[in-house]
Amino acid sequence: MLARAEAMTQTEEIVNKAMSDGVPAEEILNNGFIAAMAIIGDKFSEGEIYIPDVLIAARAMQASVDKLRPHLSDEARIDRGTVVIGTVKGDLHDIGKNLVKYMLQGSGFNVVDLGNDVSAEQFAEGVRANDAGLIAMSALLTTTMGSMKDIVDGLEEAGLRDSVKVMIGGAPVTQEYADRINADGYARDAGSAVHTAMELLGVE
Ligand code: B12
């Protein structure tokens, strides 16, 4: 893979060239970036590339998408849905959560990042304030996995459980645990998280 600065420069050059050739911004976004990010996600899931590669790709994409944004039509800006993401209460590990965020953003989701140490109340408020369709929760400690259940229960109490899907992940988390706490989905890595998010939100 390319070094970060090189990747940024090359991405920018390709975008500038495509725009001066008259390629619509929507096409650059959908057929260029989003398609490329899907490949990055799959390669990462398959162990062909590693965390620094994903970060380089995500940052190069982010910088160019920022430039592309003013040229996108309102319709093209409509995304695959809003996801509220955070690392659960008591847990400060956010590297994996950030990777999931970048992959979701790169795949056309609007992602609201609540950071780490996020409580049930904060998740519920995040869903309400952003009209989110999906919550993505991360936990890296066996001791904080329990917060995931509290958050699912908190959504129920707040009357939001029927209007929002819940996806969970993090090294100690499993599909079996997701089933046990009544989460809607689990993914083992950032690449698979995109596929799970698409399935849960029913988007292609
Ligand atoms: C970096 C790190 C830290 C850093 C965190 C920095 C940061 N900003 O994140 C610091 C130093 C702060 C830290 C602190 C602690 N840590 Co720590 N830490 C790690 C370490 C080395 C790497 C974790 C990591 O980032 N991995 C890389 C990312 C990319 O992987 P990931 O998080 O698993 O994410 C991937 C998937 O899980 C998935 N995923 C993640 N989130 C989500 C969410 C969704 C929705 C989905 C779908 C998927 C998904 O996709 C990601 C990308 O593929 C691990 C050991 C290890 N090798 O894993 C220990 C580890 C997690 N830490 C551990 C411990 C014990 C602690 C401390 C309690 C230590 C202490 N005594 O103070 C504290 C706890 C602080 C707290 N309250 O959270 C233990 C946990 C044991 C356990 N099973 O409970 C580990 C396993 C180390 C060990 N072997 O003992 N830690």
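In this text the structure is predicted, and so the values were computed from the model without any measurement.

A. Geometry of the site of the ligand. Close contacts around the ligand come from 27 residues, with Leu 92, His 93, Asp 94, Ser 138 and Thr 142 the closest. Ala 171 is positioned with one of its backbone polar atoms (N or O) 3.2 Å from an oxygen atom of the ligand. Every element with two or more residues in the shell around the ligand is listed here: helix H5 (95-106), strand E3 (134-138), strand E4 (165-169) and helix H9 (190-201). Considering every element that reaches the shell around the ligand, the biggest residue donor is H5, with four residues. Broken down by class, the residue content of the shell around the ligand amounts to 16 nonpolar, seven polar and four charged.

B. Geometry of the pattern of salt bridges. Under the defined criterion, the tally for this structure stands at eleven salt bridges. Glu 125 is the partner of Arg 128 in a salt bridge, and the nearest nitrogen-oxygen pair spans 3.6 Å. Separated by three residues within a single helix, Arg 128 and Glu 125 lie in helix H6 (residues 120-130), roughly one turn from each other. Here Glu 176 and Arg 180 are joined by a salt bridge, their closest N and O atoms 3.4 Å apart. Of the two residues, Glu 176 and Arg 180 are both situated in helix H8 (residues 175-180); the distance of four residues between them amounts to about one turn of the helix. Beyond isolated ion pairs, a larger network of salt bridges with shared partners links Lys 97, Lys 101 and Asp 113.

Conventions and cut-offs
Residues numbered from 1 in each chain as written. Predicted model: local features only at pLDDT ≥ 70, side-chain atom pairs only at ≥ 80, totals over all residues. Heavy atoms only, no water. Near = heavy atom within 4 Å. Polar contact = N/O pair within 3.5 Å; in protein donor to acceptor, adjacent residues only side chain to side chain. Helix = DSSP H or I, 4+ residues; strand = E, 2+ residues; numbered from the N terminus. Nonpolar A, V, L, I, M, F, W, Y, C, P; charged D, E, K, R; others polar. Salt bridge = Lys/Arg side-chain N within 4 Å of Asp/Glu carboxyl O.

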